[in-house]
Amino acid sequence: MALAAVLSLSVASCSSSTTGTSNAPDAGVSEKAQQALEEIRGQVLSKGPNGETPSPASAAELTPEEIEKVKALNAKAAVVMHYGGNDWATAQVNGLKSEFEKLGIKVIATTDANFKPDKQVSDIETVMTQDPDIIVSIPTDPVATASAYKKVAEAGTKLVFMDNVPQGLTAGQDYVSVVSADNFGNGVVSAHQMAKALGGKGKIGLVFHQADFFVTKQRYEGFKETITKEYPEIQVVEEKGIAGPDFAGDAQAAANAMLSKYPDLSGIWAVWDVPAEGVMAAARAAGRQDLKIATEDLGKNVAIALAKDELVVGLGAQVPFDQGVTEARLAAGALIGKEAPAYVALSALPVDHSNVLEAWKQVYHEDAPKDIQDSYKQ
């Protein structure tokens, strides 16, 4: 379904609650939000970094004959991450390593730039001394890292990107493909979840990523556009950007300021799970267990909060293990001359208290850890 169709679920006809209080939640709005979430499942609402129409992960699949050709190459691959400090990065790397092993491709390096462009440029230069056939990477900054990636392309190494593309590089020429979650869709999902939890009314704050980072911009745009257009009685009263690398600490400071300035604040959206952890810490410190928090990415700490049915009301999850598998397949196909789509995207997964345990298994390809299972409130 097109984005316009998903966003057509108007809330204009929803009346105020029978309590007679204008700020009271509206059950009708919550029902409409739930309907929107159900309709979004399995769709991709995002376009690629250059406006590309998304292709499905199935476009990366290899035949048995193609796999044998790849294995015969005894190829080498490196994974150059933006940072590795969360469950998403771990799952992405695990998916890559698992699939590369099946394809007979040796992973010779995995690096972590801690979100510092100069460190990532250095990581790329160091990795290239080992003459990899493949580099799978996510740029920390599309401008500052561009020349380093251009040199990789000129050396003949096959580049596959996660989420973000360096400025000035062309698909099919400088790089194979970019693989992403539906980040705009994840923002849309978290907006509907926030609206559902609030009954379509209240004041909220936004904690966004203050960086030139394509996918986090998509999340912010998806959330804010949906809240603004679909839920006019939810008022965004404050927005604060965080640049890291202490994303949880920065988000906690931002949320503290919001809660102090707006004692009647009903909710806060955070751009991914690590900042959401900071928002949770601020809410607890302020004695605001009633605060509604929506976010993206199913990290362990937000999963525990969802399991307990505390603070976090819902999130849009990526499927990073599957993204890693897809990236590995696209890179392997490129080694044997197989053409690839410029942009591949995997749909957003709506997660709330009701499905957090099954969602964990879908995201990480393993059962939820015992502490998440033990936290689940029936």
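Scroll up to find the structure this text is about.
Description of the structure in this document. (Residues numbered from 1 in each chain as written. Predicted model: local features only at pLDDT ≥ 70, side-chain atom pairs only at ≥ 80, totals over all residues. Heavy atoms only, no water.)

1. A few points about the side chain of serine 137
Here is step 1 of the chain: Take serine 137: it is sitting in strand β3 (residues 134–137).
Here is step 2 of the chain: On the accessibility criterion, serine 137 (0% relative accessible area) is buried.
Here is step 3 of the chain: Among the polar contacts made by the side chain of serine 137, one reaches the main-chain carbonyl oxygen of valine 80 at a distance of 2.7 Å.
Here is step 4 of the chain: Setting aside residues no more than four positions away along its own chain, serine 137 makes contact with Val80, Gln120, Tyr149, Val160, Phe161 and Met162. (Helix = DSSP H or I, 4+ residues; strand = E, 2+ residues; numbered from the N terminus. Buried < 20%, exposed > 50% of the residue type's maximum accessible area, 1.4 Å probe, protein only. Polar contact = N/O pair within 3.5 Å; in protein donor to acceptor, adjacent residues only side chain to side chain. Contact = heavy atoms within 4.5 Å.)

2. Some remarks on helix α5 (residues 117–128)
Here is step 1 of the chain: The terminal C-alpha atoms of α5, which comprises 12 residues, lie 17 Å apart, in line with the 16 Å expected from a rise of 1.5 Å per residue.
Here is step 2 of the chain: Residues Gln120, Val121, Asp123, Ile124 and Val127 constitute the buried set of α5. Each buried residue of α5 sits inside an arc of 160 degrees when the element is viewed along its axis, so together they form one side. (Expected span 1.5 Å × (residues − 1). Arc of directions from axis to C-beta.)

3. Focus on the environment of alanine 113
Here is step 1 of the chain: Structurally, the position occupied by alanine 113 is in the loop between β2 (106–112) and α5.
Here is step 2 of the chain: In the structure, alanine 113 is positioned 244 residues away from leucine 357 in sequence and 31 Å away in space, judged by C-alpha atoms.
Here is step 3 of the chain: The contacts of alanine 113, once residues within four sequence positions are left out, are Met81, His82, Tyr83, Lys119, Gln120, Asp123 and Thr140.

4. Considerations on the sheet that holds strand β4 (residues 158–162)
Here is step 1 of the chain: Strand order in the open sheet made by the six strands is β2-β1-β3-β4-β5-β11, with parallel pairing throughout. Edge positions in the sheet fall to β2 and β11 (343–346), since each of these pairs with one other strand and no more. Across the sheet, the mean angle separating the axes of adjacent strands is 15 degrees when strand polarity is ignored.
Here is step 2 of the chain: Taken together, the four bridges between strand β1 (residues 76–81) and β3 define a ladder with parallel strand orientation. Looking at the pairing, alanine 78 lines up with isoleucine 135 of β3.
Here is step 3 of the chain: Sitting on the sheet, helix α4 (residues 87–102) is in contact with β1, β2, β3 and β4, with an inclination near 175 degrees to β1. (Pairing = 2+ DSSP bridges. Axes fitted to C-alpha atoms, helices over the stretch in contact; angles between N-to-C directions.)

5. Describing the pattern of salt bridges
Here is step 1 of the chain: Summed over all chains, the structure comprises 17 salt bridges.
Here is step 2 of the chain: In this structure, lysine 361 engages aspartate 367 in a salt bridge whose closest nitrogen and oxygen atoms are separated by 3.2 Å.
Here is step 3 of the chain: With a relative accessible area of 47%, lysine 361 lands in the partly exposed category.
Here is step 4 of the chain: Put simply, Glu238, Lys240 and Lys261 are held in one network by salt bridges that share partners. (Salt bridge = Lys/Arg side-chain N within 4 Å of Asp/Glu carboxyl O.)

6. Some points on the packing of aromatic side chains
Here is step 1 of the chain: The full count for this structure, using the stated rule, is 11 aromatic pairs.
Here is step 2 of the chain: Ring centres of tyrosine 83 and phenylalanine 115 lie 5.1 Å apart, and the angle between their planes is 40 degrees; on these two criteria the pair is classed as tilted. In this pair, tyrosine 83 sits in the loop between β1 and α4 while phenylalanine 115 sits in the loop between β2 and α5, placing the two residues 32 residues apart along the sequence. For the pair shown, tyrosine 83 and phenylalanine 115 are each scored as buried.
Here is step 3 of the chain: Both rings, one in phenylalanine 161 and one in tyrosine 175, keep their centres 5.4 Å apart while their planes meet at 70 degrees; by these two values the pair is edge-to-face. Of this pair, phenylalanine 161 sits in strand β4 while tyrosine 175 sits in the loop between β4 and β5 (177–181), placing them 14 residues apart in sequence.
Here is step 4 of the chain: Phenylalanine 161 sits in the buried class, given a relative accessible area of 0%.
Here is step 5 of the chain: Here the aromatic cluster, defined as three or more aromatic residues joined through ring pairs, consists of Tyr83, Phe115, Phe213, Phe247 and Trp272. (Phe/Tyr/Trp six-rings, centres within 6.5 Å; stacked < 30°, edge-to-face > 60°.)

7. As for the environment of glycine 278
Here is step 1 of the chain: Considering the arrangement of structural elements, one finds glycine 278 in helix α10 (residues 273–285).
Here is step 2 of the chain: The buried category is assigned to glycine 278, whose relative accessible area is 2%.
Here is step 3 of the chain: With 22 residues separating them in the primary sequence, glycine 278 and asparagine 256 have C-alpha atoms 9.4 Å apart.

8. Overview of the pairing of β2
Here is step 1 of the chain: For β1 and β2, the ladder comprises six bridges, and the chain directions are parallel. The residue of β2 that forms the bridge with lysine 76 is lysine 106.
Here is step 2 of the chain: Between β1 and its parallel partner β2, the chain crosses via α4, and the hand of that crossover is right-handed. (Right-handed = clockwise from strand over helix to strand, strands pointing away.)

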